[in-house]
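Results of the structural survey
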Amino acid sequence: MWVVYTLNGLYFAALLFLTSLGLNIILGVMGILNLAHGSLYAIGAFMAAWTVIQIVAKAPPFVLYLSLLSGLVLAGIVGFLMEKSFIRAMYKRTLEYQLLLTFGALLLLEDVIKMIWGGQAYYASAPFDLLGNVDILGHVYPTYFLFVMLITLLAGLFVWFFMGRTKLGIMLRAISLDREMATGLGLDIGRLSTFAFVLGSGLAGLAGALVVPTTPALLGIGMEPLILAFIVVVVGGLGSLKGALVGALLVGFTRSFGIAILPEIELPLLFLIAGIILVVKPQGLFGR
Amino acid sequence: MVYVLIFIVLLFVPRLLSIHDLMLFEYGLTFAIVGLGFNLLLGYTGLLSFGHGAYFAAGAYTVGMIAKYLPEAYRLEILIPAALLFSLILAVIFGFLCVRHTKIFFSILALSLSMLLYALLFKLYHLTGGSDGLRIPLPSLLGISFKGIRRPEFLSGTYYYVLLVLFAFSCVIMKGIVSSPFGKALQAIRDNEVRAELIGIRVRRYRLYAFCISGMFVGLGGALWTFVNGHVTADLSHWVFSGEIVYMTLLGGFGIFEGPIIGAILFTYLKLYAMGNTQYWMFVIGATLIVLVMLLPNGVAGAFVSLFAKLKRRKAAEGSAC
Amino acid sequence: MSKHISRRNFLKYMGATAVSVGALGGGKALGQAKKSIPTTPIKIAAVSFLTGAAAAPFGIPGENTFKMCADEINKGGGILGRKIELVSKDEAGGVDAQVKLARKLILEDKVDVDLGYISSASCLAVLPLADESGGLIVAYDCGTHELMEGTKSPYEVPKFKLGFRSSAHLGIDNIGLALFIKKYYPNIKKIAGINQDYAWGRDSWLIFETAMKKLMPQVQVVKTLWPPLGNTDFTAHISALMGAEPDIVHSSLWGGDAVTFSKQALGMGFFKKIKMAYSRGEPYPQEVGKDYPEEQIICCAGTHYFLFTPPDKTSAGLQKWFVEEYRKRYGKYPSYPCYHAYQAIYAYKNAVEKAAKTAGGWPSIDDIAKAMTGLTFPSPSGPITIREDHNAIEDVLIGISKLTPKYPFPILDPKRMEIFPAAQVNAPVGMRTVDWINSWK
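Residues numbered from 1 in each chain as written. Chains lettered and ligands numbered in written order. Predicted model: local features only at pLDDT ≥ 70, side-chain atom pairs only at ≥ 80, totals over all residues.

**As for the overall build of chain C**
- In terms of helices and strands, chain C carries 15 helices and 16 strands.
- A globule of 441 residues ought to have a C-alpha radius of gyration of about 22 Å, and chain C, at 24 Å, matches this closely.
- Looking at chain C as a whole, 59% of its 441 residues are labelled buried.
- Excluding contacts between residues fewer than 6 apart, the proportion of contacts in chain C whose partners are at least 24 apart in sequence is 74%. (Helix = DSSP H or I, 4+ residues; strand = E, 2+ residues; numbered from the N terminus. Rg over C-alpha atoms; globule rule 2.2 N^0.38 Å. Buried ≥ 20, exposed ≤ 12 C-beta atoms within 10 Å, placed from the backbone. Contact = placed C-beta atoms within 7 Å.)

So this is what it looks like as structure tokens:
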């Protein structure tokens, strides 16, 4: 059973990591805590589910998996629109305004999702079913979860490579370290910020898209991921990729084994970990 | 002056409004107290907390828990000080952790801590009623029991005056605080932390004081709110509820003393009428917030003040032109 | 006085009597002008979750049904000739918003009745407003047994003069499951529970566990899990349950969580050795479809099942109409929240009609409330009775899922369905459910 507990921990950690990645990037590069992060996750989920439902009868399996990316794309587009329309206007203002704007965006987007997709549930289980199960040391484990872990790994590697090795990424990191200096060096803050916001939004959408084969897209689906992403950011440290990874693994494994051994503690456990970190090392494990 | 006149007018409000409107107004008054407290931290000290629902919940649950476990002590004269005490205690603990940081860290910490309280209130359901919450019966006041009368009668009678007096007190005390040297120091910290430290202001300590005072006001508002609502749930500590507190303060304008009061009353009506008239009320509230931030960053009161100032300047200019 | 009453005097006396009787009768109707029935429409507020996680499984089906029933009643001429004007409101926004909204509906909008409320928190906060504000409120779907129960047995009834619940509470589901398990699986040794970590989940498990302890004391509880509401990853829970090796697992999971759990569990081989017993599981075979596992124990929150035909002819006719009409309008078979919604609006209609018989003219709120107390009326699930404690009691239907060629999702196996009568699953008036279970021999 311990094999399965470990796999479960890895799966949940993967979800946490991917969900918090977008939030962390926007926070790190732009210093904005995007409260609408959960809404972008939800948009990704609804879009992916809807797309899969439309094409499931006619498309070959490969296209089906590709169609999940539609969630990433739409979330990115919405992020772009958000940034251009009102987030942008607030750079000169203070933090309060930015937080309030993203809060307003959250409320707005919740209803926009309802206007577009209505109140019913969207089930898109084909990608989950098609992959079937594998047998791991005598235990049945759905292959789809391994797929999610793979995609998350790829996404993480992409971001790591991008931030560390590409010119664009380095510019983004420069902005996150010292905005004024970066402007002084001639970086186009506006364009770069938009890019960061779109990247973060797209990642949120991807996280949402990946879960819909196992859980229906429903109104309010983004609320819990927002809180979880938040916890990981707090535990791992703002703006730190390594921190996000370690934080996600820590929370994921603690939860998985915690449920098996001491089920009562489940929800408060996550907050407890966050609370301890906040007291002991308030900037998070790897935060600045 | 003007405020005394306003107070006198408010004394007559129960005769002017219907019971329903009066109850709505009372919600507004309790949130006005909350707003005043919250704005000490936001407007005057420059710290934005998306977690002040925790103190509201502290005050509210103090009332609820006493109702449940200590019914003999269920008297307004005990409940109000108790609510102040518990919200103070919570504000000291959470505040101590939060004021070590500023800006985004502060906001994140405040949010996280309030969610921790939310999780506890939700989870310990045998104690707190969990998601079901706690019922708030009518309290007694200085020996007078209100058993047998219905809540609307209670609210439109004695309770209104109690609330009004406490609201007036809150205004007076808060005005005193912001006008005092302490209040000025807070503004100095808000405007330039480094300089404030250099001229000898103990930044962290003052922030903590501001945090605690604001927590107490919010807790008082929470406690007073419980009698109007009749029921408390863990949602009060959820960050979305805290977000509403921020919204109200912004709506009225956090640069002006009276801003949060106006914002609180406006928001109460805004939300109710949005919910009463459309199923897309969240869109309405969200869009209003965005428009507000972009166009009226000083809030409704701030916009009035600017308009008034502009008119005054124009008159003065015209006057001097003659 | 003269023994001979002149004709004139006689008429005078008769006239006086008639006038005074009339005045008394008018006075009895609490000052309301008890004249002919007004022709203005009746305003009915229907409050359900139109946003959030509870919208898709309960709120929207509920709202759909309210609309469907209002249209049907209006087609038949309305209630006592008055058409219904249905106002739909969202139950979201938190308890503070719901209290304000209910007050607005009753005091300002002056609705004739406020139907609704799915979440127990809403019910607990809003129902007291009925007496406070003088408006009629009928809760239609919330499950908490605590709503009408007092703090200890026996308790005074009714708790609210003008507040009612037109469906039975979660007691029937969980007691019913325990009775069913005892009958069909008498030899099991171990049970477990997975319920959402809030009042609903906790209360459901409490009643189930209490009943099981009484009925099958030899059975051991090997694990209880408490996932948070809105959890999307049940893998850890599924593994933990499989590790504990229970025979049957109790669950009150609903909505997206129920579907997610089912899918993920299927993928992990959970159902090979373990059965689930769902306390309000009736909607999920239709939601999940072909993949929904067979041999699961499912309770219908009453006898609310699209394939169930009630024994009495009136109700059977209603069921036929109900299923067909709902399917025609909304493309799905109705689930239990739909039946609950029917019960609420028809409880009101039947109460008004009953009250009108004695009141003459349009009855007052107090008359309607009196008529609703002790009311029995037909419904697509059979006759429903609202007792003197203002709570409805119902029989409960429990079955086992089975795939058949006729439907694209498992239905309840007609050969292994049980209906437990109301008296067996509802605590008697004035007695707390838990106390009642503990008093069984």
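This is not the end of the story, as more comes after the structure.
**Quick notes on the overall build of chain B**
- A tally of regular secondary structure across chain B gives 16 helices and two strands.
- At 20 Å, chain B has a C-alpha radius of gyration in line with the 20 Å of a compact globule built from 322 residues.
- Taken along its principal axes, the extent of the C-alpha atoms in chain B is 70 × 45 × 40 Å.
- Every one of the 322 residues in chain B was classed for burial, and the buried ones make up 50%.
- Partitioning the contacts of chain B with sequence separation of at least 6, the portion at a separation of at least 24 is 78%.

**A short note on the interface of chain A and chain B**
- Taken together, the contact between chain A and chain B spans 30 residues of the former and 32 residues of the latter.
- Where the side of chain A that touches chain B is concerned, the elements lending two or more residues are helix H5 (95-117), helix H11 (223-236) and helix H13 (266-280) of chain A.
- The leading source of residues in the side of chain A that touches chain B is H5 of chain A, at 16 residues.
- Taken together, the residues of the side of chain A that touches chain B sort by class into 24 nonpolar, three polar and three charged. (Nonpolar A, V, L, I, M, F, W, Y, C, P; charged D, E, K, R; others polar.)

**As for the sheet that holds strand E11 (residues 376-377) of chain C**
- Spatially, the three strands line up as an open sheet ordered E11-E12-E13 (chain C), and their pairing is antiparallel. Each edge of the open sheet carries a strand with a single partner, namely E11 and strand E13 (392-393) of chain C. (Pairing = 2+ DSSP bridges.)

**Focus: unusual backbone geometry**
Residue and element names in this part refer to chain C.
- For the bond from Ser153 to Pro154, the omega torsion is -15°, close enough to zero to count as cis.
- Mapped onto the elements of the fold, Pro154 is located in the loop between strand E4 (137-139) and strand E5 (163-165).
- Here the residue pair Val157 and Pro158 is connected by a cis peptide bond, since its omega of -5° sits within 30 degrees of zero.
- Turning to its location among the elements, Pro158 is positioned in the loop between E4 and E5.

**A closer look at the interface of chain A and chain C**
- In this assembly, 36 residues from chain A lie in contact with 31 residues from chain C.
- If you list the elements that add at least two residues to the side of chain A that touches chain C, you get helix H1 (2-30), H5, strand E2 (139-142), H11, helix H12 (241-261) and H13 of chain A.
- The element that contributes the greatest number of residues to the side of chain A that touches chain C is H1 of chain A, accounting for six residues.
- Looking at the side of chain A that touches chain C residue by residue, the classes come out as 21 nonpolar, nine polar and six charged.

**Re the packing of helix H3 (residues 19-44) of chain B against helix H14 (residues 259-277) of chain B**
Residues and elements named next belong to chain B.
- Taken N-terminus to C-terminus, the directions of H3 and H14 make an angle of 135°; their axes are 7 Å apart at the nearest point. Classed by the angle they form, the pair H3 and H14 counts as oblique. In the packing of H3 onto H14, the handedness of the crossing is right-handed. Along its contact with H3, which presents Leu24, Tyr27, Gly28, Phe31, Ala32, Val34, Gly35, Leu36, Phe38 and Asn39, the element H14 presents Gly259, Pro260, Ile261, Gly263, Ala264, Ile265, Thr268, Tyr269 and Leu272. (Axes fitted to C-alpha atoms, helices over the stretch in contact; angles between N-to-C directions. Parallel < 35°, antiparallel > 145°, perpendicular 65-115°, else oblique. Left-handed = near helix turned anticlockwise from the far one by under 90°.)

**Details of the pairing of strand E3 (residues 113-116) of chain C**
Residues and elements named next belong to chain C.
- Taking every second residue as pointing to the same face, both faces of E3 are buried, with Val113 and Leu115 on one and Asp114 and Gly116 on the other.
- Pairing between strand E1 (residues 42-48) and E3: four bridges, direction parallel. The partner of Ala46 across the bridge, within E3, is Leu115.

**A word on helix H4 (residues 53-69) of chain B**
- End to end, H4 of chain B covers 23 Å across 17 residues, agreeing with the expected 24 Å (1.5 Å per residue, within 8%).
- With respect to burial, H4 of chain B is a largely interior element, 13 of its 17 residues being buried. (Expected span 1.5 Å × (residues − 1).)

**A closer look at the domain arrangement of chain C**
Residues and elements named next belong to chain C.
- Domain annotation of chain C identifies domain 1 (42-168 + 308-393) and domain 2 (171-300 + 395-438).
- Computed from C-alpha atoms alone, the centre-to-centre distance between domain 1 and domain 2 is 27 Å.
- Listed by partner, the interface residues are 25 residues for domain 1 and 24 residues for domain 2.
- Across the side of domain 1 that touches domain 2, the residue classes tally to 12 nonpolar, seven polar and six charged. (Domains from an automatic or database assignment.)

**Looking at the confidence of the model for chain C**
- In the predicted model, chain C carries a mean pLDDT of 89, and 92% of its residues have values of at least 70.
- Both confidence scores are given for the complex: pTM 0.88, ipTM 0.88. (pLDDT = per-residue confidence, 0-100.)

**Brief notes about the sheet that holds E3 of chain C**
Residues and elements named next belong to chain C.
- What the five strands build is an open sheet, ordered E2-E1-E3-E4-E5; its pairing is parallel. Each edge of the sheet is formed by a strand with only one pairing partner; in this case those strands are strand E2 (84-90) and E5. Strand after strand, the sheet turns through a mean of 20° between neighbouring axes, direction not considered.
- Two elements, E3 and E4, share three bridges in a ladder whose sense is parallel. Among the inter-strand pairings, Gly116 is bridged to a residue of E4, identified as Ala139.

**Notes on the nonpolar core**
- Counting residues in hydrophobic clusters, the biggest one holds 355 residues, and the most contacted among them are Ala45 and Phe46 of chain A together with Leu115 and Val138 of chain C.
- The element best represented in this core is H1 of chain A, accounting for 19 residues.
- Two domains each put at least three residues into this core: domain 1 (42-168 + 308-393) and domain 2 (171-300 + 395-438) of chain C.
- The residues touching Ala45 of chain A, leaving out its near neighbours within four places in the chain, are Gly71, Gly208, Ala209, Val211, Val212, Ala217 and Ile221 of chain A. (Core = buried A, V, L, I, M, F, W, Y, C linked by C-beta atoms within 7 Å.)

**Quick look at H3 of chain B**
Residue and element names in this part refer to chain B.
- With 26 residues, H3 should cover 38 Å at 1.5 Å per step; its first-to-last C-alpha distance of 36 Å lies within 8% of that length.
- Its maximal kink placed at Phe38, H3 deviates by approximately 40°.
- Counting buried residues in H3 gives 22 out of 26 residues, a clear majority hidden from the surface.
- Positive phi appears at Gly46, one or two residues downstream of H3, with a value of about 75°. (Bend = angle between axes of the 7 residues up to and from the residue.)

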